[in-house]
Every structure is written in structure tokens, then in C-alpha cells.
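# Results of the structural survey
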Amino acid sequence: MEQRNQTPISEFILLGLSEEGELQPLLLWLFLSMYLVTFSGNLLIILAIVMDSSLHMPMYFFLSNLSFVDICFTTTTIPKMLWNIQTQNKVITYAGCLSQIYFFMLLAGLDNFLLTVMAYDRFVAICHPLHYMVIMNPKFCGILLLVSWLLSVLNSLLQDLMVLQLSFCTQLEIPHFFCELNQVIQLACSDTFFNNLAIYLASGLLGFIPLIGIFSSYSRILTSILKISSSGGKYKAFSTCGSHLLVVSLFYGTGFGVYLSSAASQNSRTTAIASVMYMVVTPMLNPFIYGLRNRDIKLALKKLFS
């Protein structure tokens, strides 16, 4: 076992996606471009919903919150990565690393819960259309959002506090472009059993249970759609939830892809590259999915620009 530090550590080293010098300018401009597209695209969705009174509905209320979370999600990691590439300084402070872990867990959890709530919203809209505005009233929507925030805050706070209890070895290099929780725990010299247990429990309770809720909602939606006699009615029902279903597939598909790549490969750098998909690419594509597939959003964006 490596020698433990006798004094509290002050910093970690983020190795990033590649250590090849000739690739750094390419990575800088690539991730800067993706970040700017993500920021501006999601900001436009928020402005379109806020400015258009016809979009002041539960579905778009949750969509605007999802866009806000996606902006914060990428802002948690990408600016620091760009700064490290530009300055050629891979250091992140201990406090900065803990902050990244906290906000990453918080915002990933919020993404997860908001997608679940949006699936429930589509279930009520399609399966109980006459009671939609009664069930999805402003008070209930506020409660759903508040519960999502509370669960995400509690989980991220628990994970962060458990990392604080760890003692770290002299090897403090993280083979990632941000402080990913599993990678940080692997650097610890002290026992990490309870940290790993907390991760597994959180993944099970806060990950798979919402996913089951999404599958349950869409299975009932599919059953209701198949009962519609007219093809026009079926198309309209499918179009109202098609965008959300595509976003759900991207979020969970890329997330499981990262998990499978980390399980199949011992190369942490491969996992870091795979994680770009759900951390950067998915939030960047969300505005395009809703903007191109949702007629109401397209009309609101035209009004915003005109």
C-alpha cells in the first residue's frame, strides 16, 4: 500500500482526456464550441417558455427546469477543463474537487428526477386528459420539483461528507477531466467499503426506481395510444411524448454505456472519453430535440426571434 499523507491534502491532478500536446488545442476548441452551443441552446428554450404565455403549462415548466439543470450540469465541469487546457495546469484544489463532486451528483440526480416527472406528466396528459389540469396543478408541480431537489441535495451531500472522511495516498492523479466520485474514492488509502455501499444504494434507489417509473408510465401510454382508433389521434399522441422519449433514451443510454465501458475496460481514460457522451453531448442535443420535434417550442422560438 502506498504511503499515506500525514498532512491534509490540498490538491488533486486531473489528467484529462489526453496528455498528447498536439491534441490540446483541438480539445479546447471542440469543448468550448460544445459548451457554448449547450449554454445558448438551453437558454433559448428557457427564454422561449418564459416569454410565451401559451407555454405556461406543466410540461414546459419541467422542460425549462431541465434546460436550467443542463446548463448548470455542463458548467460544473467543462469551464474548469477548458481552463486547465488553456493554462496547461492540471491542478484542482481539494475544496474544488469536493465542490465538483457535490454539484455533479446534485445535477445528475435532478436530471434523473425531472425526466421521471416529465414521463408522469405525459402519462397523465395522454391517459387522463380530462383530469390533466386538475392533477397537474401548480401546487402539485411545485411539490414534485421540491421533492426532486431535496432528494438530490441529500444524496450529493451524503456522498460529499463520506469523501471527507477518507485519507488519501501520495498518488493523487485522477485519470479524468473532472473529479468523478469513483475515481476519487479509488485514490483513498482508508477503507472505502461504506463509500462504495452508499454509491450502490444511491444508484439503486435514486437511479433504477425512477427508471422503472419511466418504463411504467410509457407502457401505459403505449397501451392507451393503441386503443385510439384514428391514425391522426395516434400520431398526435406519439408526437407529444416523442421528444421526451428520445431525451430519456439519450440520457440513460449514454449513462449505461459509460457503466458498461468501465466494467469491460480497465482503462480509466476510456471511461473518461465515454462519459463525454452523457455529460456534454446529451445536454447539447436536448434543445435541438425539443426545438426541432416540438411544434409549440418552434413557434415560441420564432416569436422570440421576431
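Residues numbered from 1 in each chain as written. Predicted model: local features only at pLDDT ≥ 70, side-chain atom pairs only at ≥ 80, totals over all residues. Heavy atoms only, no water.

Naming follows an unreviewed UniProt entry, where the chain appears as Olfactory receptor of Callorhinus ursinus. In its Sequence similarities (unreviewed entry) section, the UniProt entry covering the chain states "Belongs to the G-protein coupled receptor 1 family." (UniProt positions renumbered as here; feature names shortened; annotations may be inferred.)

## Looking at the packing of aromatic side chains
One pair of aromatic rings is described through two measures. These are the centre distance and the angle between the planes. Throughout the structure, instances matching the rule amount to 14 aromatic pairs. Ring geometry for Phe 31 versus Phe 177: centroids 6.4 Å apart, planes at 45°, classification tilted. Here Phe 177 lies in the loop between strand 3 (173–174) and helix 6 (181–186) and Phe 31 lies in helix 1 (residues 24–51), a separation of 146 residues in the sequence. Phe 31 sits in the buried class, given a relative accessible area of 3%. (Phe/Tyr/Trp six-rings, centres within 6.5 Å; stacked < 30°, edge-to-face > 60°. Helix = DSSP H or I, 4+ residues; strand = E, 2+ residues; numbered from the N terminus. Buried < 20%, exposed > 50% of the residue type's maximum accessible area, 1.4 Å probe, protein only.)

## Points about the packing of helix 1 against helix 10 (residues 295–305)
In contact at an axis separation of 9 Å, helix 1 and helix 10 are set at 85° when each is read in the N-to-C sense. Between helix 1 and helix 10, the angle is such that the two are roughly perpendicular. The residues of helix 10 that touch helix 1, namely those facing Leu 44, Ile 45, Leu 47, Ala 48, Ile 49 and Met 51, are Ile 297, Ala 300, Leu 301, Leu 304 and Phe 305. Residues that form the contact of helix 1 with helix 10 fall into these classes: 11 nonpolar, no polar and no charged. (Axes fitted to C-alpha atoms, helices over the stretch in contact; angles between N-to-C directions. Parallel < 35°, antiparallel > 145°, perpendicular 65-115°, else oblique. Contact = heavy atoms within 4.5 Å. Nonpolar A, V, L, I, M, F, W, Y, C, P; charged D, E, K, R; others polar.)

## What about the UniProt feature "transmembrane region" (unreviewed entry) in the chain?
Those places that UniProt annotates as "transmembrane region" (unreviewed entry) correspond, in this numbering, to residues 26–50, 62–81, 101–120, 140–158, 197–216, 237–260 and 272–292. Secondary structure within residues 26–50 divides into 100% helix and 0% strand; the distance between the first and last C-alpha atoms comes to 36 Å. The distance from the first to the last C-alpha atom of residues 197–216 is 27 Å, and the span holds 100% helix and 0% strand.

## Focus on the sheet that holds strand 2 (residues 91–93)
Spatially, the three strands line up as an open sheet ordered 2-1-3, and their pairing is mixed. The open sheet has two edge strands with one neighbour each: strand 2 and strand 3. Bridge count between strand 1 (residues 11–14) and strand 2: three bridges; the pairing is antiparallel. Pairing of Phe 12 across the sheet is with Ile 92, part of strand 2. Across the sheet, helix 3 (residues 94–127) lies against strand 1, strand 2 and strand 3, angled at about 80° from strand 2, the strand it touches most. (Pairing = 2+ DSSP bridges.)

## Description of the state of the cysteines
Per the counting criterion, the structure on display carries two disulfides. One disulfide in the model links Cys 169 with Cys 189; its S-S distance is 1.5 Å. Residue Cys 169 is found in the loop between helix 5 (138–164) and strand 3, and its partner Cys 189 is found in the loop between helix 6 and helix 7 (193–226); the two are separated by 20 residues along the sequence. Pair check on accessibility: Cys 169 and Cys 189 agree, each one buried. Sequence-ordered numbering of the bonded cysteines in the chain gives a disulfide pattern of 1-3, 2-4. (Disulfide = S-S within 2.5 Å.)

## As for the nonpolar core
Formed by 86 residues in total, the largest nonpolar core has its most connected members in Phe 12, Phe 31, Leu 63, Phe 168 and Val 184. For this core, the element with the highest residue contribution is helix 3, accounting for 18 residues. (Core = buried A, V, L, I, M, F, W, Y, C linked by side-chain atoms within 4.5 Å.)

## Considering the pattern of salt bridges
In total, this model carries three salt bridges according to the counting rule given. Between Lys 90 and Glu 19 there is a salt bridge, with its nearest N and O atoms 3.7 Å apart. In this pair, Lys 90 sits in the loop between helix 2 (58–87) and strand 2 while Glu 19 sits in the loop between strand 1 and helix 1, placing the two residues 71 residues apart along the sequence. Owing to a relative accessible area of 30%, Lys 90 belongs among the partly exposed residues under this scheme. Between Arg 122 and Asp 121 there is a salt bridge, with its nearest N and O atoms 2.8 Å apart. A residue is classified by how much of its surface remains accessible, and Arg 122, at 7% relative accessible area, is buried. (Salt bridge = Lys/Arg side-chain N within 4 Å of Asp/Glu carboxyl O.)

## Examining empty space enclosed by the protein
In this structure the tally under the stated criterion is three cavities of 30 Å³ or more. Here the largest cavity defines a volume of roughly 40 Å³. Every residue lining the largest cavity is listed: Leu 66, Asp 70, Asp 111, Leu 115, Val 247, Phe 251, Tyr 278, Thr 282, Pro 283 and Asn 286. Sorting the residues of the lining of the largest cavity by element identifies helix 2, helix 3, helix 8 (231–264) and helix 9 (268–293) as the ones contributing at least two each. Here the lining of the largest cavity takes four residues from helix 9, the largest share from any one element. (1 Å grid on protein atoms, 1.4 Å probe; cavity = no way out; pocket = protein on both sides within 12 Å on 5 of 7 lines; lining within 4 Å. Points joined across faces, edges and corners; volume = space filled by probe spheres on them.)

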